[in-house]
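Descriptive analysis of the structure
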Amino acid sequence: MAKIVEFDGKKIGVNTPFKLIDTGNNIKKMVKYYTKITESANKADDDLQSVVEQSPVLAGIVAEAVCDLLELNGTQKKPVLALNYSFSDEYEFFNECLVKFLGLKMPSLDDEEDSEDKEPEDPKLQDAD
């Protein structure tokens, strides 16, 4: 059964709903952009400044991936590549494609999601101290 990722084009100024399936071409595209992201991340040092400096690079790679995966035309690509739309919407779409097409996952941009994954502390343990 095909794996499907849906994206609302209105999020990037295109009045088209998109449905991508796990074609060989889409898998190749995801490998290409995931590789770009990991190469970019490997260039960053572990210090905060280096990580922050790599953020625009990540945004650009995700924007390129969105344009390529959705096969946008020149007019549609321009504002996406100019980073005029929500990075979190594009990142979420990219991440969902990674999960469904490659079985990989990028780190969450949402602190709340990360905290939900953690087990709550046992209040009895706090009282023991």
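Because the structure is predicted, anything quoted here is derived from the model rather than measured.

1. Overview of the environment of Gln 54
Here Gln 54 is to be found in helix H2 (residues 48-69). For the pair Gln 54 and Ala 41, spaced 13 residues apart in the sequence, the C-alpha separation amounts to 7.2 Å. Not counting residues within four places of it along the chain, the set of residues in contact with Gln 54 comprises Ser 40 and Ala 44.

2. Notes on the confidence of the model for the protein chain
When pLDDT is averaged across the protein chain, the result is 85; 82% of the residues are at 70 or more. Predicted confidence is poor over residues 112-118, with pLDDT under 50, and the contacts of this stretch with residues over four places away or in other chains come to 2 contacts.

3. Points about the nonpolar core
One finds Ile 12, Leu 70, Leu 72, Phe 93 and Phe 94 to be the most contacted residues of the largest nonpolar core, which totals 26 residues. A total of 7 residues in this core trace back to one element, the largest contributor, which is H2. With near-sequence residues (within four places) excluded, Phe 93 lies in contact with Val 5, Glu 6, Phe 7, Leu 20, Val 66, Leu 69 and Leu 70.

4. Remarks on the packing of aromatic side chains
Taken as a whole and assessed by the stated rule, the structure comprises 2 aromatic pairs. Taking 4.7 Å as the distance between ring centres and 45° as the angle between the ring planes, the aromatic pair formed by Phe 7 and Phe 93 counts as tilted. Pair noted here: Phe 7 is in strand E1 (residues 4-8) and Phe 93 is in helix H4 (residues 87-102), with a separation of 86 residues, a long-range link. A centroid spacing of 5.5 Å and a plane angle of 50° characterise the contact between Phe 87 and Tyr 91, whose relative ring orientation is tilted. Within this pair, Phe 87 and its partner Tyr 91 are both found in helix H4, separated by 4 residues, close to a single helical turn.

5. Some points on H2
If you check H2, its first and last C-alpha atoms are 31 Å apart, about what 22 residues at 1.5 Å a residue would give, namely 32 Å. Along H2, the residues that are buried comprise Ser 50, Gln 54, Ala 59, Ile 61, Val 62, Ala 63, Ala 65, Val 66, Cys 67 and Leu 69. The elements touched by buried residues of H2 are strand E2 (17-21), helix H1 (24-43), helix H3 (74-81) and H4.

6. Quick notes on the pattern of salt bridges
Side chains that differ in sign of charge can pair as their charged atoms come close. Inspection of the entire model under this criterion finds 4 salt bridges. Salt-bridge contacts for Asp 68 lead to Lys 29; the nearest nitrogen and oxygen are separated by 3.5 Å. Here Lys 29 lies in helix H1 and Asp 68 lies in helix H2, a separation of 39 residues in the sequence. Assessed through its relative accessible area of 14%, Lys 29 is described here as buried. Among the charged side chains, a network of salt bridges with common partners joins Lys 29, Asp 68 and Glu 71.

7. Things to note about the side chain of Lys 29
Polar side-chain contacts of Lys 29 include one of 3.5 Å to the side chain of Glu 71. Sequence-distant contacts of Lys 29, defined by excluding residues within four places in its chain, comprise Asp 68, Leu 69 and Glu 71.

Thresholds, definitions, all that
Residues numbered from 1 in each chain as written. Predicted model: local features only at pLDDT ≥ 70, side-chain atom pairs only at ≥ 80, totals over all residues. Heavy atoms only, no water. Helix = DSSP H or I, 4+ residues; strand = E, 2+ residues; numbered from the N terminus. Contact = heavy atoms within 4.5 Å. pLDDT = per-residue confidence, 0-100. Core = buried A, V, L, I, M, F, W, Y, C linked by side-chain atoms within 4.5 Å. Buried < 20%, exposed > 50% of the residue type's maximum accessible area, 1.4 Å probe, protein only. Phe/Tyr/Trp six-rings, centres within 6.5 Å; stacked < 30°, edge-to-face > 60°. Expected span 1.5 Å × (residues − 1). Salt bridge = Lys/Arg side-chain N within 4 Å of Asp/Glu carboxyl O. Polar contact = N/O pair within 3.5 Å; in protein donor to acceptor, adjacent residues only side chain to side chain.

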